[in-house]
Each structure stands twice: as C-alpha cells, then as structure tokens.
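# Notes for the structure review
Residue-level listing of the chains:
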Amino acid sequence: MRMTLAVHPQLYSIHSFSPETPLPAAVFSQPMFFIGKTREELSVVVPAELELDSLETETDWRCFEILGPLGFSMTGILSRVSGTLADASISIFAISTFDTDYILVKRDKLKQAIGALKRSGYQIIEYPAQTE
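Below: a short report on this structure. Keep in mind it's a predicted model, so treat the numbers as computed, not measured.

Within the structure shown, the criterion is met by two salt bridges. Linking Lys106 and Glu58 is a salt bridge whose minimum nitrogen-to-oxygen distance equals 3.2 Å. Of this pair, Lys106 sits in strand β7 (residues 101-106) while Glu58 sits in strand β5 (residues 56-66); the two residues are 48 residues apart in sequence, bridging distant segments of the chain. What makes Lys106 partly exposed here is its relative accessible area of 25%. A relative accessible area of 41% means that Glu58 is categorised as partly exposed. Linking Asp60 and Arg107 is a salt bridge whose minimum nitrogen-to-oxygen distance equals 3.1 Å. In this pair, Asp60 sits in strand β5 while Arg107 sits in the loop between β7 and α2 (110-119), placing the two residues 47 residues apart along the sequence. Relative accessible area serves as the criterion here: at 29%, Asp60 is assigned to the partly exposed category.

What follows is the structure in structure tokens.
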C-alpha cells in the first residue's frame, strides 16, 4: 500500500506556555489546532495568523497530514516518515490524533521534505487553500 501525505496550505506556529496558563477562546475557534499539556508545559499549535502571548514561539511551520484513518494496529508509520525526514536532515514536530498523524516541518524545508518523501515512495498531494 502506497502511503499518501497531504500538505496543508497554511502556516502554523508552535507556542509554549506555563501549564497553568488559560488559553484565549480564539484558540478553540481555529479550523485546526492542537494542545498538549504536561506538568512542565502547555504547547499549542495554531494557524500563524493567530497571535498568542506565549513564553516562546516557533513560527513558519508547514503541515503534512498522513491520510488515514490509521488503525492502532498499524505500526511504524510515523517512524518511517520521520526517519525519511531525519535522513534528509529535516527537523520535525509530530502530532498524533486518534485517526492519524501530522508532521510539521519548517517552511524553508518543505520542498526538500517533499522530495525526500517522494524518493522514498510516498505520494504527496496538496490541499487547496481555503477561501472565505
């Protein structure tokens, strides 16, 4: 089976907060967002247009979505994709949901990432930009 990844058109930012920070309501109205919380930190990924007052921000990330749904019995998918990108010296920020995985790469590494993934046999499609 040939795995397909879809490239999202928008830019994302990754924010770091202290774990007790209340998040602005605007986070929850975004078309796509991710939140991860531990005892040490609160991480939030949102579209770059949404500016947040965070402790640290990493900007200019593009997103690959591994098209699923991926069953829990499927093993090694994220490992193979991230390994392909690591072999090409591309850093990632990985996010998993119940149905699939998302891999963020810096915008300036997107073309290199697409090339590395295609050479490894992945099919890459691009989601069209959303119009309002």
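Let us keep going from here.
It is worth spelling out the packing of helix α1 (residues 77-87) against α2 at this point. Relative orientation of the contacting elements α1 and α2 amounts to 120°, with a least axis distance of 9 Å. The pairing of α1 with α2 is recorded here as oblique in orientation. Between α1 and α2 the crossing geometry is right-handed. Judged by residue contacts, Val81, Thr84 and Leu85 of α1 engage Ala113, Ala116 and Leu117 from α2.

So, how was this worked out
Residues numbered from 1 in each chain as written. Predicted model: local features only at pLDDT ≥ 70, side-chain atom pairs only at ≥ 80, totals over all residues. Heavy atoms only, no water. Salt bridge = Lys/Arg side-chain N within 4 Å of Asp/Glu carboxyl O. Helix = DSSP H or I, 4+ residues; strand = E, 2+ residues; numbered from the N terminus. Buried < 20%, exposed > 50% of the residue type's maximum accessible area, 1.4 Å probe, protein only. Axes fitted to C-alpha atoms, helices over the stretch in contact; angles between N-to-C directions. Parallel < 35°, antiparallel > 145°, perpendicular 65-115°, else oblique. Left-handed = near helix turned anticlockwise from the far one by under 90°. Contact = heavy atoms within 4.5 Å.

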